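# Structural overview for review
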Amino acid sequence: MRIIESVSEMQQQADLWRRESRRIALVPTMGYFHEGHLALMRAIRDHADILVISIFVNPAQFGPGEDFERYPRNLERDLGLARGVGVDAAFVPTTGEIYPEGYQTFVEVKGITQTLCGKSRPNFFRGVTTVVSKLFNIVKPHVAIFGEKDFQQLMTIRRMVGDLNMDIQILGHPTVREADGLAMSSRNAYLTSDQRFKALRLSRSLKEAQDLLDRGERRSDAILSRVREVLAEDGDVRIDYAELRDPHSFEEVPEVTGPTLLALAVFVGVARLIDNCILHLSS
Ligand code: PAF
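Note that the coordinates shown come from a computational prediction; the quantities given were computed from them, not determined experimentally. (Residues numbered from 1 in each chain as written. Predicted model: local features only at pLDDT ≥ 70, side-chain atom pairs only at ≥ 80, totals over all residues. Heavy atoms only, no water.)

Let us now look at the overall build of the protein. A count of helical and extended segments in the protein gives nine helices and nine strands. The C-alpha atoms of the protein give a radius of gyration of 19 Å, which matches the 19 Å a tight globule of 283 residues would have. Along the three orthogonal principal directions, the C-alpha set of the protein runs to about 55 × 40 × 35 Å. Here the protein holds 283 residues, and 53% of them are scored as buried. Across the protein, the fraction of contacts at a sequence separation of at least 24, relative to all contacts at a separation of at least 6, is 72%. When the accessible surface of the protein is split by element, carbon and sulfur atoms take 47% of a total near 13400 Å². (Helix = DSSP H or I, 4+ residues; strand = E, 2+ residues; numbered from the N terminus. Rg over C-alpha atoms; globule rule 2.2 N^0.38 Å. Buried < 20%, exposed > 50% of the residue type's maximum accessible area, 1.4 Å probe, protein only. Contact = heavy atoms within 4.5 Å. Areas by Shrake-Rupley, 256 points an atom, 1.4 Å probe, with all protein chains shown as cover.)

Below, the structure written as structure tokens:
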């Protein structure tokens, strides 16, 4: 596996692969790999000849007072895991390589980024779409993959790629969960064992919402109040949002009449955890 730190080297290598008619796949990451990251790598491998990952903790998507400094990092371990799944190249730039002195350009999707995570983290999506655009220009992939745990991020990237006519196929991958239902996330590393137990309420509340729907409840208010009840059980968590939304427009829905996004963001201790599912009417 090649480890590439400079933008120009990565671009030259990508040009070479493209001249050889090799199809390039990219898995953009912020590192500290868990099974969810490895699943993205395995899933995209069959869609291309060359598998590239990027590892870059992107300062532009963190707000003041957020966890940029303490975001978990372990490059050596990540590179070992990437080798194990057959990654061809890891692009691991420094911050200065991505945002050199005098950097002034940002990419912003309006509309769907103004709500949910965009409301509580105002610069988050602008930071994500900026760095992902840059990674697309540097690694020149034909195809890239993102996890559905960050559903709003996935939809925002799809919107950016469509709106800006980027010739890149975007794949989504289902959320990878621990055996007990906890969605895998690098931020789970912040949880004590007691908090980890409390964090199970996120996946449990998603399941309860689907159960309620299966029993005939359609009203969003009723479903969300049950979700909040499950999340708040025994206190100790702070709900940032728990919302039912149209999965394309992200508009609120008063009733569930078709596939509907149930999206959660909850603070458990210092960890802000997100999870979601698409609720379906039973046939
Ligand atoms: O989902 C992530 O890990 C990050 O937001 C991404 C897409 C790698 C951009 O920094």
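With that out of the way, let us pick up the packing of aromatic side chains. To describe a pair of aromatic rings, you give the distance between the ring centres and the angle between the ring planes. For the structure on display, the rule yields seven aromatic pairs. When the ring of F62 is compared with that of Y71, the centres are 5.9 Å apart and the planes differ by 75 degrees; the resulting orientation is edge-to-face. Each member of the pair, F62 as well as Y71, carries the same accessibility label: buried. Aromatic pair Y99 and Y103: ring centres 5.1 Å apart, planes at 80 degrees, arrangement edge-to-face. Under the relative-accessibility criterion, Y99 is labelled buried at 16%. (Phe/Tyr/Trp six-rings, centres within 6.5 Å; stacked < 30°, edge-to-face > 60°.)

It is worth spelling out the pairing of strand β8 (residues 260-268) at this point. Extensive coverage of β8 is indicated by the burial of eight of its nine residues. By the bridge criterion, nine bridges tie β8 to strand β9 (residues 271-279) in an arrangement that is antiparallel. Pairing of L262 across the sheet is with C277, part of β9. Hairpin connection of β8 to β9: two residues between the antiparallel strands, including G269 at a positive phi of 60 degrees. (Pairing = 2+ DSSP bridges.)

This part is about the site of the ligand. Around the ligand, the surrounding shell consists of P28, T29, M30, N58, Q61, V128, V131, F146 and Q153. Taking Q153, its side chain carries an N or O atom lying 2.7 Å from an oxygen atom of the ligand. Protein contacts shield 87% of the accessible area of the ligand, which totals 290 Å² for the unbound molecule. Among the secondary structure elements, those contributing two or more residues to the shell around the ligand are β2 (24-29) and α6 (124-139). Of the residues assigned to the shell around the ligand, the class counts are five nonpolar, four polar and no charged. (Near = heavy atom within 4 Å. Polar contact = N/O pair within 3.5 Å; in protein donor to acceptor, adjacent residues only side chain to side chain. Nonpolar A, V, L, I, M, F, W, Y, C, P; charged D, E, K, R; others polar.)

Glancing now at the packing of helix α8 (residues 193-214) against helix α9 (residues 220-232). For any two helices packed against each other, the geometry comes down to the angle between their axes and how far apart the axes lie. One can describe the packing of α8 onto α9 by two numbers: an axis separation of 9 Å at closest approach and a directional angle of 150 degrees. When the axis of α8 is compared with that of α9, the two are roughly antiparallel. Our pair here, α8 against α9, has a crossing hand that is right-handed. Along its contact with α8, which presents R201, L202, R204, S205, E208, A209, L212 and L213, the element α9 presents A222, I223, R226, V227, V230, L231 and A232. Class assignment of the residues belonging to the contact of α8 with α9 gives a composition of ten nonpolar, one polar and four charged. (Axes fitted to C-alpha atoms, helices over the stretch in contact; angles between N-to-C directions. Parallel < 35°, antiparallel > 145°, perpendicular 65-115°, else oblique. Left-handed = near helix turned anticlockwise from the far one by under 90°.)

None of this, on its own, says anything about what the molecule does.
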